[in-house]
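# Commentary on secondary and tertiary structure
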Number of protein chains: 2
Amino acid sequence: MESNSVGLVTPRTFTFGSVEEPMVLESGRTLGPVDIVYETYGEPNADRSNAILICHALSGDHHAAGHHDPHDRRSGWWDNMIGPGKGFDTNRYWVICSNIIGGCKGSTGPVSIHPATGEPYRLAFPVVTIGDMVEAQKRLLDHLQVRRLYSMAGGSMGGFQVLEWALRYPERVRSAICIASAARLSAQAIAFNTVGRSAITRDPEWHAGGYEGRGPEQGLATARMVGHITYLSEILLDAKFGRRLQSADRFCYNFTNEFAIESYLNYKGSAFTERFDANSYLYITKAMDYFDISRSYGPLKQAFARVAARCLFVSYSSDWLFPTSQTKEMVRAMLCNSKPVSFIEVDSPYGHDAFLVEEEKLTRIVSGFLEGVAR
Amino acid sequence: MESNSVGLVTPRTFTFGSVEEPMVLESGRTLGPVDIVYETYGEPNADRSNAILICHALSGDHHAAGHHDPHDRRSGWWDNMIGPGKGFDTNRYWVICSNIIGGCKGSTGPVSIHPATGEPYRLAFPVVTIGDMVEAQKRLLDHLQVRRLYSMAGGSMGGFQVLEWALRYPERVRSAICIASAARLSAQAIAFNTVGRSAITRDPEWHAGGYEGRGPEQGLATARMVGHITYLSEILLDAKFGRRLQSADRFCYNFTNEFAIESYLNYKGSAFTERFDANSYLYITKAMDYFDISRSYGPLKQAFARVAARCLFVSYSSDWLFPTSQTKEMVRAMLCNSKPVSFIEVDSPYGHDAFLVEEEKLTRIVSGFLEGVAR
């Protein structure tokens, strides 16, 4: 394990609510008890004013840094950003990452046991929103006695949570870092989510959500494949794969995975089914589709008047799923309200995935911003 | 029927080759007999020097203009461009459109009867290339006694055929119109085709291509949905659908097709299965993936040295599947060879589909170009 790793970490579970006193969701439906799985890195200071909340994206989870086991080949999903001396410096900050509700990685979601039936919820699980995810995170922070976050950060759907926090609980957020995200999901992004959900629900193994065991793996793989294309830029696909064949010089004139990009996507799609639940994919993409600041808080200028956090917005030049134009909309709304806002479009060929892989550039930006918040 | 329609048309079938004397394909495999279904509009002049060949795209066919029946609600797929006084003016030109081999609209393809078995070919059908499609078209033109085409035109995969003709049979093509196309399919476009094919082959109803009857309709619908997104621009999706809900003011918090774009895509996907064969979708997208001028004819500059046709290239500003940059590559290669070439990027919000719907702009461009060819 590298010297700047947070090392071994153990997830913990916080439970709130009950069948009798459930959480009331935005839809009006209820959920309880609610489990939140989370990890922390670094140590809280005396008044717990050094906490930073990390929010994950669609296929992420609470395991953002370090290892669960000394033999783990994979570290947490943002291990390149979280650790001693890293962008989110665990020598200084107490970093917290929790798993969203509705997912399949430990927090309450469609694979959890429904207390009324003793069976997994499956489609009896209520549809949750980004607001509901944030509400559950707030309960966790209350439990952890964090009155006000020093900062919070997230990319993509993680950025939705950051925005929702800054608007819903302005007094609880001292600074916020919103990366590769937007004030609402665009029609094109809803369209891609639609294809993913359709691939799952059109798979006969879905059984209207009632599958046991592996379920609609083929549909889930297809959903992941289309998602994957949207996370990468055209320029990267050209550079990394181009028209290269996977293992031959000549065309084979059949329907095997002949091109390298074909082989890669099919591999990624199938691998995803090992670690993700198809119903959870439906719930989380639906929560993304619903996200629209203006629907909840009015036109952007009016909405951002609520924000008390110092904000940093980061976009990536080749990200076409959450293009820079969508970030600029929010920056303008902050400026119109004379709010402290920083914005940078990072030059990168990595597309939407840049927030996960361009750690060197992001580290410099994040470190500087976090340093400035204290002043 | 409007006064500028070509009116009622009847498809015809030309057959060449036989089991004993089959067509030899690029793969080395053979196919015979081969049926080519085609339509013609307008009349040939005495020496048949006024023929224009129209090449269709993935989901198109030979029915490019007019009606098959007085009660048809739908006319041919390029009816807005082909007819008396239209861009391809049937008062002056003899317009021919044939159905590609490998498809499912009448020309020999995977749904045709395999002479060796008396059953549909299904996956026993050999993989065909754009070159093979062009070879079959050449046999048709020989049969129709067209020595040299006055012009030819096609968008998207139709543009691939135009390019292949101009390179393979330069002496047979006096002028060529290549619209919304490219010298090769990009890695991103192969990636989207991969998702479409995977959606089909991962559908259990596919039965390794051996389905009878409707087959993998769900997979084919998903394939069409993802394709459809790539044909439309983000700006059009925003303007036409945005985040509008299909039939309610409030979120319904379930997995129905709630957003208008969701409803539209699912409808389009399911409707496509009524008129297209899933195996044909595999064959045609594979032919597209294989298309690469440089693989057959060398670097573009060298390849375009072969071209004898006066060429017109048209691209559309919001087309991200076949972006203008890919057209410019070909225009540069023509210029480097001092070949007569015209190029225009049409400003349009319609994305890749613009070549089918922006008839007013295209008519002016095409009419002028065709007029100039005679001079």
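Rules and cut-offs
- Residues numbered from 1 in each chain as written.
- Chains lettered and ligands numbered in written order.
- Predicted model: local features only at pLDDT ≥ 70, side-chain atom pairs only at ≥ 80, totals over all residues.
- Heavy atoms only, no water.
- Domains from an automatic or database assignment.
- Contact = heavy atoms within 4.5 Å.
- Buried area = accessible area lost by both parts, 1.4 Å probe.
- Salt bridge = Lys/Arg side-chain N within 4 Å of Asp/Glu carboxyl O.
- Polar contact = N/O pair within 3.5 Å; in protein donor to acceptor, adjacent residues only side chain to side chain.
- Pairing = 2+ DSSP bridges.
- Helix = DSSP H or I, 4+ residues; strand = E, 2+ residues; numbered from the N terminus.
- Axes fitted to C-alpha atoms, helices over the stretch in contact; angles between N-to-C directions.
- Core = buried A, V, L, I, M, F, W, Y, C linked by side-chain atoms within 4.5 Å.
- Buried < 20%, exposed > 50% of the residue type's maximum accessible area, 1.4 Å probe, protein only.
- Phe/Tyr/Trp six-rings, centres within 6.5 Å; stacked < 30°, edge-to-face > 60°.
- Lys NZ or Arg CZ within 6 Å of the ring centre and 35° of its normal.

Bringing the domain arrangement of chain A into the picture now. By a frequent convention, interface size equals the accessible area lost on bringing the separate parts together. All names here are of chain A. Annotation of chain A at the domain level lists domain 1 (12-185 + 291-374) and domain 2 (191-283). Distance between the C-alpha centres of domain 1 and domain 2: 26 Å. Tallying the contact residues gives 23 residues for domain 1 and 24 residues for domain 2. Counting the surface lost from both domain 1 and domain 2, the interface buries some 2000 Å², and carbon and sulfur atoms represent 63% of this. At the boundary of domain 1 and domain 2, one finds zero salt bridges. Along the contact surface separating domain 1 from domain 2 lie twelve residue pairs in polar contact (both at pLDDT 80 or more).

Looking now at the sheet that holds strand β8 (residues 94-98) of chain A. All names here are of chain A. The eight strands are arranged β1-β4-β8-β5-β9-β10-β11-β12 in an open sheet whose pairing can be described as mixed. The sheet is open, and its two borders are formed by β1 (12-16) and β12 (341-346), each paired with just one other strand. Put simply, the sheet's adjacent strands are angled 20° from each other on average, direction ignored. Alignment of strand β9 (residues 151-155) against strand β10 (residues 175-179), held across four bridges, turns out to be parallel. Bridge pairing links Ala153 to Ile177 in β10. The sheet strands contacting helix α1 (residues 130-143) are β1, β4 (34-41), β5 (51-55) and β8, and the helix crosses β1 at an angle near 105°. Packed onto the sheet, helix α2 (residues 157-168) meets β5, β9, β10 and β11 (310-316) and runs at close to 145° relative to β9.

Right, let's talk about the nonpolar core for a bit. Ranked by size, the top nonpolar core spans 197 residues in total, and within it Ile293, Phe304 and Phe313 of chain A together with Ile293 and Phe304 of chain B carry the most contacts. Those residues within four positions of Phe304 of chain A in sequence are excluded, and the remaining contacts are Leu163, Leu167, Ile293, Phe313, Met330, Ala333, Met334, Asn337 and Lys339 of chain A.

As a further point, take the packing of aromatic side chains. Going through the model one piece at a time under the given rule, you end up with 44 aromatic pairs over all chains. Ring geometry for Phe251 of chain A against Tyr253 of chain A: centres 6.1 Å apart, planes inclined by 90°, an arrangement best described as edge-to-face. Classification of Phe251 of chain A as buried rests on a relative accessible area of 14%. An aromatic cluster of three or more residues is present, and its members are Trp77, Trp78, Phe88 and Phe355 of chain A. Between Arg224 of chain B and the ring centre of Phe272 of chain B, over which it is positioned, the NZ or CZ distance is 4.3 Å. Just above the ring of Phe251 of chain A sits the side chain of Arg295 of chain B; from NZ or CZ to the centre is 4.0 Å.

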